[in-house]
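Read off the chains here:
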Amino acid sequence: MNRRKFLALLSIVPGAIATAAIGVPVAGFVVAPIFAPEKREWVSLGAVSQFKIGDTIQVTYKDPSPLPWAGVTANNGAYVRRTGENDFIAFAVNCSHLGCPVRWIASANLFMCPCHGGVYYSDGSVAAGPPPRALSRYNVRIENGELQLQTQEVPIG
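Residues numbered from 1 in each chain as written. Predicted model: local features only at pLDDT ≥ 70, side-chain atom pairs only at ≥ 80, totals over all residues. Heavy atoms only, no water.

1. What to know about the overall build of the protein chain
How we decide: The numbering of helices and of strands both runs from the N terminus, where a helix is a DSSP run of H or I of at least 4 residues and a strand a run of E of at least 2. Both definitions apply: the radius of gyration is a C-alpha atom measure, and the globule rule equals 2.2 Å times residues to the power 0.38. Residue burial is assigned from relative accessible area. The probe radius is 1.4 Å, only protein chains are included, and a residue is buried under 20% of its type maximum, exposed over 50%, and partly exposed in between. Every residue pair with non-hydrogen atoms within 4.5 Å of one another is taken to be in contact. To measure how exposed things are, a 1.4 Å probe is used in the Shrake-Rupley method; for residues, cover is taken only from the protein chains shown.
If you tally the helices and strands in the protein chain, you get one helix and 11 strands. Ordered by position from the N terminus, the helices and strands of the protein chain form the series α-β-β-β-β-β-β-β-β-β-β-β. In summary, the protein chain has a C-alpha radius of gyration of 23 Å against a globular reference of 15 Å for 157 residues, an excess of more than 25%. When its C-alpha atoms are laid out on the principal axes, the protein chain stretches across 85 × 40 × 25 Å. Split into buried and exposed, the 157 residues of the protein chain put 31% on the buried side. Across the protein chain, every contact between residues at least 6 apart in sequence was considered, and the portion connecting residues at least 24 apart equals 46%. Total accessible area on the protein chain stands at roughly 10,000 Å², and carbon and sulfur atoms take up 60% of it.

2. So, the side chain of Gln148
Note the threshold: As used in this structure description, the phrase polar contact means that two N or O atoms lie within 3.5 Å; if the pair is within protein, one of them must be able to donate a hydrogen and the other to accept it, and residues adjacent in sequence are counted only when both atoms belong to side chains.
Tracing the backbone shows Gln148 in strand 11 (residues 146–150). Here the side chain of Gln148 touches Arg141 through a polar contact of 2.8 Å, side chain to side chain. Sequence-distant contacts of Gln148, defined by excluding residues within four places in its chain, comprise Trp42, Val43, Ser44, Asn139, Val140, Arg141 and Glu143.

3. Quick notes on the state of the cysteines
Threshold: By convention in this document, the label disulfide applies to cysteine sulfur atom pairs within 2.5 Å.
Applying the stated criterion across every chain yields a total of one disulfide. Across the disulfide, Cys100 is cross-linked to Cys115 (sulfur-sulfur distance 2.1 Å). Its S-S torsion of about -105° marks the bond between Cys100 and Cys115 as left-handed, since a negative value means left-handed. Taken together, the positions of Cys100 in the loop between strand 4 (88–92) and strand 5 (103–105) and Cys115 in the loop between strand 6 (110–112) and strand 7 (119–121) put the pair 15 residues apart, joining distant regions of the chain. The exposure class of Cys115 is partly exposed, given its relative accessible area of 39%. No disulfide involves Cys113; its nearest neighbouring cysteine sulfur is the one of Cys95, lying 3.9 Å away.

4. Focus on the nonpolar core
What counts here: Side-chain atoms within 4.5 Å link the members of a nonpolar core, which is a set of buried Ala, Val, Leu, Ile, Met, Phe, Trp, Tyr and Cys residues.
In terms of nonpolar packing, the biggest core is built from 14 residues, with Leu45, Phe51, Tyr61, Val80, Tyr138 and Leu149 touching the most fellow members. Contributions of two or more residues to this core are made by strand 1 (42–47), strand 2 (56–62), strand 3 (75–82), strand 4 and strand 11. It is strand 4 that provides the largest number of residues to this core, a total of three residues. The residues touching Leu45, leaving out its near neighbours within four places in the chain, are Gln50, Phe51, Val59, Tyr61, Val80, Leu147 and Leu149. Phe91, Val93, Cys113 and Tyr120 belong to the second-largest nonpolar core, a separate cluster that totals 12 residues.

5. Details of the sheet that holds strand 9 (residues 137–138)
What links the strands of a sheet is backbone hydrogen bonding, and the strands pair in either a parallel or an antiparallel sense. Under the convention used in this document: In this analysis, strands are considered paired if DSSP registers two or more bridges between them.
In space, the four strands of this open sheet follow the order 2-3-4-9, with antiparallel pairing throughout. Either end of the sheet is taken by a strand with one partner, and the two such strands are strand 2 and strand 9. With seven bridges joining them, strand 2 and strand 3 adopt antiparallel strand pairing. Each bridged residue has a counterpart across the sheet, and for Val59 the counterpart in strand 3 is Ala78.

Listed below in C-alpha cells is the structure:
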C-alpha cells in the first residue's frame with residue numbers, strides 16, 4: 001500500500017464511522033413514529049366527588065409509557081369540567097395552533113394561550129386568534145367512583 005492509498009483510507013474510514021454514528025439515530029427518529037403504535041390507556045384522575053359541578057380544574061397524570069429517564073417530563077395535564085352528576089369533559093392543555101399550554105381564566109370563563117393570543121370559549125371552541133380548531137378533548141369515563149381519562153399523544157399540529 002502506498003502513502004496515497006493509506007491517507008485516503010485514513011480519511012474515509014473515520015468519515016464513514018461518523019456518518020453512521022449520526023445517520024443511524026436520525027433515521028431511527030424519522031422512521032420510528034411510523035411503526036410505533038399509539039398507546040392509549042385509561043388513567044385515574046381521582047374520585048368523582050372531588051370535582052364540583054360547573055368547575056374547570058387542571059389535573060396532572062403520569063404518561064403511561066414514559067421513558068425510564070423521563071422524570072417530571074412524564075407528567076401530562078388536562079382541564080376537567082364537571083357538567084352534571086355523571087358528565088365530564090376533559091380538554092387538552094395544548095393550544096391547537098402550536099401547542100403552547102393554555103390557561104383557564106375562571107373570571108372570564110375562557111381558555112387563553114399566552115404565546116400568540118389564542119382564546120377559546122369554555123366549551124373549547126375558538127373565540128379569537130390564530131388557533132385553527134378547538135381544543136382537543138380526551139375520552140373520560142367513571143369506573144368504581146373514580147374519573148378516568150384515556151391517554152393519547154399530545155394533540156398538536
